[in-house]
Amino acid sequence: MKVAIVTDAWRPQVNGVVTTLTRTGKCLEDFGHEVVAITPDQYLTVPCPTYPEIRLAVLPGRRLAATLEDAAPDAIHIATEGPLGIAAGRYCVRERLDFTTSYHTQFPQYVRARVPIPEAWSYAYLRRHHGRARRTLVATEHQRRDLVTHGFANVVIWSRGVDTAVFRPYDRDYFEWSRPIWIYAGRVAIEKNLEAYLGAALPGTKVVVGDGPDLARLQSRFPTARFLGYKFGAELARCLSAADVFVFPSRTDTFGLVMLEAMACGTPVAAYPVTGPIDVVAQGRTGSLDADLAKAALAALSISRDECRRAALERTWERATRQFVSHLVRADGAGDLWPTKKMPGGVTGQVSGAPGEGEPWNASQSSHRT
């Protein structure tokens, strides 16, 4: 099977969307599928206003259409709502091709945090884009329900995984600062609500791993916090392992992959009881959720680190990718790629014949256009 994945979020960006798409693409290839990734680095780009790390493709429609025409994929998945995603959606509608989309970011809240645009306008824009798709994939049940209440249809679950070989418990003497050591890792941007974390009345040392447009301001306002910049792979895992609690102050994330990465390192999570954390963190088992973030952080100190690791081991990228495949549809409009079947663990989806679950993809079933 050939799968085209169109995304405006791609390397060198460092975020959960890029991680998810990178790992999903790798798993698809491991399952024997071909992946055609259509990404901003293939186009002329300009910096995104207020967030220059993000590069936006300039007028990509004609070239994107040619790429999809030449690739003739069996399935098309549009991962984002930026210039590439919008152009891909228009192409599919024009050519009468079926496709799926995914909703990775709470875009209305993200925009509202930067400019005074009513959330209702953003939701209307998103409903139009995702409403053309056969299915819209979201990471959690709470996010699915939220989109349904805002008028979205055909919303299904595509969960996430964690690389437990990289993210694992290491020696905890990586830091020599006073304990407890609290840590956050991710973008340093206004929508991540880092002031709630850095301003919380907590003993010990607060650590921030990451970079972003809000870094200089937060460094100036909270000079006692330790800002380490970006860390990757095993080095990030060592940082997470050395901390006593991972604090996740965001109220706008749809999932929060780094919470799974922290748990895989044995570090419990403290967060608000909102979409994302409420689906990822098991209260009292892998972390603490509370409307008072400092209270949640202090309560998380008593969580078993071994239990956090065991919970993370239940989440694999292979399983998440099978769920992704189960929702794909034939681009030529012939319907689902897989007949309905129940996945192991009670997850229902169209997965008969999905990689690792049954017979391999049969090339004679290809929906390539001629």
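Residues numbered from 1 in each chain as written. Predicted model: local features only at pLDDT ≥ 70, side-chain atom pairs only at ≥ 80, totals over all residues. Heavy atoms only, no water.

**Q** I tried to follow the pattern of salt bridges on my own but got confused; where do I start?
**A** One side chain can pair with another of opposite charge once the charged atoms of both are near each other. Under the definition given, this model contains 20 salt bridges. Here R221 makes a salt bridge to E195, at a shortest N to O gap of 2.3 Å. Of this pair, R221 sits in helix α8 (residues 215–221) while E195 sits in helix α7 (residues 194–198), and the two are 26 residues apart along the sequence. Two residues, E307 and R285, come together in a salt bridge whose shortest N-O distance is 2.4 Å. Of this pair, E307 sits in helix α13 (residues 305–313) while R285 sits in the loop between α11 (277–280) and β14 (287–289), and the two are 22 residues apart along the sequence. Bridged by salt links that share partners, the residues D98, R134, R135 and D336 form one connected network. (Salt bridge = Lys/Arg side-chain N within 4 Å of Asp/Glu carboxyl O. Helix = DSSP H or I, 4+ residues; strand = E, 2+ residues; numbered from the N terminus.)

**Q** Looking at this structure, I do not really get the sheet that holds strand β11 (residues 226–227). What am I missing?
**A** In sheet architecture, strand pairing relies on hydrogen bonds along the backbone and comes in two forms, parallel and antiparallel. The strand order β11-β10-β9-β12-β13-β14 describes an open sheet built from six strands, whose pairing is parallel. Strand pairing shows two members of the sheet lacking a second neighbour, β11 and β14, which therefore form its edges. Bridge analysis of strand β10 (residues 205–209) against β11 gives two bridges, and the strand direction is parallel. Note on β11: the bridge partner recorded for V208 is F227. Helix α10 (residues 257–264) contacts β9 (181–185), β12 (245–248) and β13 (269–271) of the sheet and is inclined by roughly 175° relative to β12. (Pairing = 2+ DSSP bridges. Contact = heavy atoms within 4.5 Å. Axes fitted to C-alpha atoms, helices over the stretch in contact; angles between N-to-C directions.)

**Q** I would appreciate a short explanation of the packing of α10 against α13 in the present structure.
**A** Two numbers describe a pair of packed helices, the interaxial angle and the distance between the axes. The N-to-C vectors of α10 and α13 enclose an angle of 125°; their axes lie 7 Å apart at closest approach. One element, α10, and the other, α13, form an angle in the oblique class. For the pair α10 and α13, contact is made by L260, M263 and A264 and by C308, R309, A311 and A312, respectively. Across the contact of α10 with α13, the residue classes break down as six nonpolar, no polar and one charged. (Parallel < 35°, antiparallel > 145°, perpendicular 65-115°, else oblique. Nonpolar A, V, L, I, M, F, W, Y, C, P; charged D, E, K, R; others polar.)

**Q** Looking at this structure, how should I read the environment of K206?
**A** You can see K206 is positioned in strand β10. Separated by 22 residues in the primary sequence, K206 and Y184 place their C-alpha atoms 8.2 Å from one another. Residues within four places of K206 in sequence aside, it is in contact with W182, Y197, L198, G199, A200, A225 and R226. Of the polar contacts made by the side chain of K206, one reaches the backbone oxygen of Y197; its length is 3.5 Å. (Polar contact = N/O pair within 3.5 Å; in protein donor to acceptor, adjacent residues only side chain to side chain.)

**Q** I'm lost on the side chain of D214 in this one. Help?
**A** For D214, the position within the fold is in the loop between β10 and α8. Under the relative-accessibility criterion, D214 is labelled buried at 13%. Side-chain polar atoms of D214 contact the side chain of R217, separated by 2.8 Å. Beyond its immediate stretch of four places on either side in the chain, D214 contacts V188, A189 and I190. (Buried < 20%, exposed > 50% of the residue type's maximum accessible area, 1.4 Å probe, protein only.)

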